[in-house]
Amino acid sequence: MGKYVGKSMKRVEDPRFIQGKGKYVANLSLPGMAHLAIKRSPHGHAKILHINTEAAKALPGVIAVYTGQDLIAGGVGAMPCGWNVPDIKVPTRYPLTIDKVRHVGDGVVAVVAETSYIAYDALDLIEVEYEPLPAVIDARKCTDAGAPLVHDDLPNNISYTWSLGNKDETLQALAEADHVVELELINQRLIPNAMEPRACVAQWGAAMEEMTVWTTSQNPHPIRLLLSAFTLGIPENKLRVISPDVGGGFGSKIFHYPEEIITPWVSRAINRPVKWVSTRSEAMMTDSQGRDHVTHCKMALKNDGTITGIYVSTWSNQGGYISTFAPLIPTALYITLLSGLYKIKGVYGEMWGTMTNTVPVDAYRGAGRPEASYLMERLVDLAARDLGMDPLDIRRKNFIPADEFPYQTPVAFLYDSGDYHKLFDKAVAMADYQGMRQAQAAARAEGRVVGVGIVGCIEASGPAPSAVAGSLGSAVGFWESGKVRVHPTGKVSVFTGSHTHGQGHETTFAQVVADELGVPIEDVEIIHGDTASVPFGMGTYGSRSASVGGSALVRSAEKIRAKVMKIAAHQLEAAEEDLMYDREAGKVHVKGSPDKAKPFAELAFAAYTAHNLPEGLEPGLEETAFYDPANFTFPNSCHVAQVEIDKETGEVTIQRYIAVDDVGKVINPLIVEGQIVGGVVQGVGQALWENGVYDESGQLLSGTFLDYTMPRADGFPTLEVGRVETPSPHNPLGVKGAGEMGTIAATAVITNAVMDALGPYGVRHLEMPLTAEKLYNALHG
Amino acid sequence: MTQISVTINGKTYTKDVEPRTLLVHFLRDHLELTGTNIGCDTSQCGACTVHLDGLAVKSCATLTVQADGAAVTTIEGLASNGQLHPMQQAFWDNHGLQCGYCTPGMIMAATKLVEGRPEISDDEIRHGLEGNICRCTGYENIVRSVKAAAAQMGGGV
């Protein structure tokens, strides 16, 4: 442990946020700025017959009105897919649709005006004549013969299929099983709802023909690449993309969105800065949504509880278009996780990516992995029930033993490290699991409806390596960049390709670099989110920032140290191997002679004066690294929950919640615990309340915060959070992802706890969300 | 256009506004006080909470003309003499924020919630903040922050 890494440190980014000085895109105001608003489809599925924009154009204060055809005529290209699985058919998508609307909220016309109020007034004056068409909304039913087609060139509404695993062994396991558990389940549609709605500001510089785009993105460089190479056509060197402070993402701000194409295009067309800010209503029907799987799954077991096979078939709802990374989520981030924490001989998954008249679906916190853990942990619980085993015992019986890591699953992944018995030992002790069970028995005897849930979940975080991702269909790499610039006075500016939108990189990465260089943390600033200053980087998603972005900074700092050592050796007239880089003291000294030393700042200054450098050594002190990890990291967790259902109302109360996670080494425990707790509460939201609902015509019924029920402060106990630590062996920090584990485990454990409570009532499975109404009906037949 | 006069963070502004102008747009777009964020437009999430004549209100559901003659405090006006308000300090000390977007509204709501209640309980805080949504923190550290600030404020403002 260094001076800072491993310590809970208050966040350096907080002062601006607590004083209302966050630099969010929507706060930006530029001289002469005009305001953009989008006319959107009220229909789930309809043909556009006619568009009349005359009245809108005539409204005083309206600058221009554009249709999808105007954009195409102005050079706008179709929106690409960044993950192309074999034989995928990606339907054509333009930023404004031109022929049909395919989901409620599909953009049809753009208006730019002097104020946002005028722009919205103008939207009401635009007449769009539609011919409503029959819609499809269900991930599986949309493939039925004769179902309406979302895209005429995609028969059966299927965009792609994918499978992985040892099918023959799995089928054999099912055939030879003592017992088979079979389950149909739905992993419902979720709406991410970062608190900051998306926004975009663009400023065209006509004199130099250059564009600056401020956008609420988790990954500004890939957005610049897509804008440049596919959609907007402005050369990358003339295009600057800035994602300043971003108010939460949870995956939904990874993707390339229509408005970040339209806004700069309009800015260039009218030669003025232009701003677009999403309303919450627009966010609910245009931000990519999450989950939405219909799954049929089977688990093969021996009578002693040994799991011998798992076979999973999933229909994954892609929505009306294929979003930027949509095909990655239900394939390489889902089926690859179907071995869970368990040693299973036969594992096989197959899936269909299907089109419906709903908002496009893409990554949402966990992204594929919660879906995998949910079905696995539901199946294991049902197996335990059928075989008369305790849910804890059946899990322990099937764990991959600690001495078998790295462990090769039948579904491609090589798990890096873990000790699942140790993980469960800690959670079981913290929970007093046996005591919980006894208390449950006593409560049941009193007629109360009490349940205990326990789950063990696996996550794959920090997707890697790039070459493998490419072979699976990725159009991008999965490395990260890091640049460390030591100034002549020894102060340090760090540029990371990662992006923080709540995760605290400005603190965590400063801890890492300060320790690596042996400088005070106050001397290190972290810069991110601006393509003009940061080397090309891949951004933040998949819990990759610490393991990939942090490792890139370690590599850069190592290069800085190596150069500093050369300068010190020269100036102290000693061989490098006789020197010691003392990171505690921030100086280089001769081994055994701490007085013969050069402080870091003095060596930095020497690098810049270049008066006395070793022969051939370049002046300056700035190093960049591009770190391409050898593998994902595999965080794992054991969560335990105790719930009680009110018989009179069906309302669930979470009485206790224990979360024990192995996220490898931890850089800042305060921040990691914040990620776990925040993730758990979000995961509980899926289990109990959240549901993106469409009616048969594709109308979004849960389009406000009143109808889409997210967790609020009320109704949660203080979580009991613990950790075990098996460092990842393949990154220099030993860290694993920490951002998504809470969400992955919470959904499964709360569902298992509620189902455990309902066991005596003969209920085997209910679909999420487990609302009071649903549970009341289950209890009262 | 209607002329209004409103005191914001101790400074009085006299301006012509369209009667339909929402207070949050007046603050953000007319005065460039962008610390007050908009999260939902429909008074569900509380990101836009400000103090209006001593009450915590959601400025996305308040017309600017309703603030005519009133005193408004926004997040920018909470610290005094370069000193963070105890609620701001407590959010920092207790990791009560992640992305920071709900934070100004949360802090403005919380300062009113704990007025006169130095020993407010966890349950009272959780219930009192039901009108403010945070998607990042899971609320736990917000509850800690508010409790710490309440004790520090000792019932004051």
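As the structure is a prediction and not an experimental result, all values here were calculated from the model.

Caption draft 1: Looking closely at the domain arrangement of chain A. All names here are of chain A. Entries for chain A in the domain assignment read domain 1 (14–133 + 196–247 + 253–286), domain 2 (365–463 + 631–779) and domain 3 (479–627). Of note, the centres of domain 2 and domain 3, computed from C-alpha atoms alone, are 40 Å apart. Across the contact, 18 residues belong to domain 2 and 15 residues belong to domain 3. Residue composition of the side of domain 2 that touches domain 3, by class: 7 nonpolar, 9 polar and 2 charged.

Caption draft 2: Region of the structure containing the sheet that holds strand S19 (residues 480–486) of chain A. Residue and element names in this part refer to chain A. The sheet built from 4 strands is open, its strands ordered S21-S20-S19-S25 with mixed pairing. The sheet is open, and its two edges are formed by strand S21 (524–528) and strand S25 (622–627), each paired on a single side. The average angle at which neighbouring strand axes cross in this sheet is 15°, direction not considered. Alignment of strand S20 (residues 492–496) against S21, held across 5 bridges, turns out to be parallel. From the neighbouring strand, Val492 faces S21, where its bridge partner is Val524. Contacting S19, S20 and S21, helix H14 (residues 505–517) crosses the sheet at an angle of about 130° to S21.

Caption draft 3: Structural detail: the pairing of S20 of chain A. Residues and elements named next belong to chain A. Within S20, 4 of the 5 residues are buried, which leaves it mostly tucked inside the rest of the structure. Of the pairings in the sheet, the one linking S19 to S20 comprises 5 bridges and is antiparallel in character. Directly across from Val486, in S20, lies its bridge partner Val492. The hairpin formed by S19 and S20 contains 5 residues between the paired strands, and Gly490 there has a positive phi angle of roughly 90°. Running through H14, the crossover from S20 to the neighbouring parallel element S21 is right-handed.

Caption draft 4: Molecular detail of the domain arrangement of chain B. All names here are of chain B. When the domains of chain B are assigned, the result is domain 1 (2–75) and domain 2 (86–153). Contact with domain 1, which involves 14 residues of that partner, is made by 11 residues of domain 2. Sorting the residues of the side of domain 1 that touches domain 2 by element identifies strand S3 (49–52) and strand S4 (55–58) as the ones contributing at least two each. If you tally residues by element for the side of domain 1 that touches domain 2, the top one is S3, at 3 residues. Its residues assigned to classes, the side of domain 1 that touches domain 2 comprises 7 nonpolar, 7 polar and no charged.

Caption draft 5: Up close: the interface of chain A and chain B. Each partner contributes to the interface: chain A provides 40 residues, whereas chain B provides 44 residues. When contributions to the side of chain A that touches chain B are tallied by element, the ones reaching two or more residues are helix H1 (14–18) and helix H17 (669–688) of chain A. Per element, the largest residue contribution to the side of chain A that touches chain B is 6 residues, and it comes from H17 of chain A. By residue class, the composition of the side of chain A that touches chain B is 16 nonpolar, 15 polar and 9 charged.

Basis of the calculations
Residues numbered from 1 in each chain as written. Chains lettered and ligands numbered in written order. Predicted model: local features only at pLDDT ≥ 70, side-chain atom pairs only at ≥ 80, totals over all residues. Domains from an automatic or database assignment. Contact = placed C-beta atoms within 7 Å. Nonpolar A, V, L, I, M, F, W, Y, C, P; charged D, E, K, R; others polar. Pairing = 2+ DSSP bridges. Helix = DSSP H or I, 4+ residues; strand = E, 2+ residues; numbered from the N terminus. Axes fitted to C-alpha atoms, helices over the stretch in contact; angles between N-to-C directions. Buried ≥ 20, exposed ≤ 12 C-beta atoms within 10 Å, placed from the backbone. Right-handed = clockwise from strand over helix to strand, strands pointing away.

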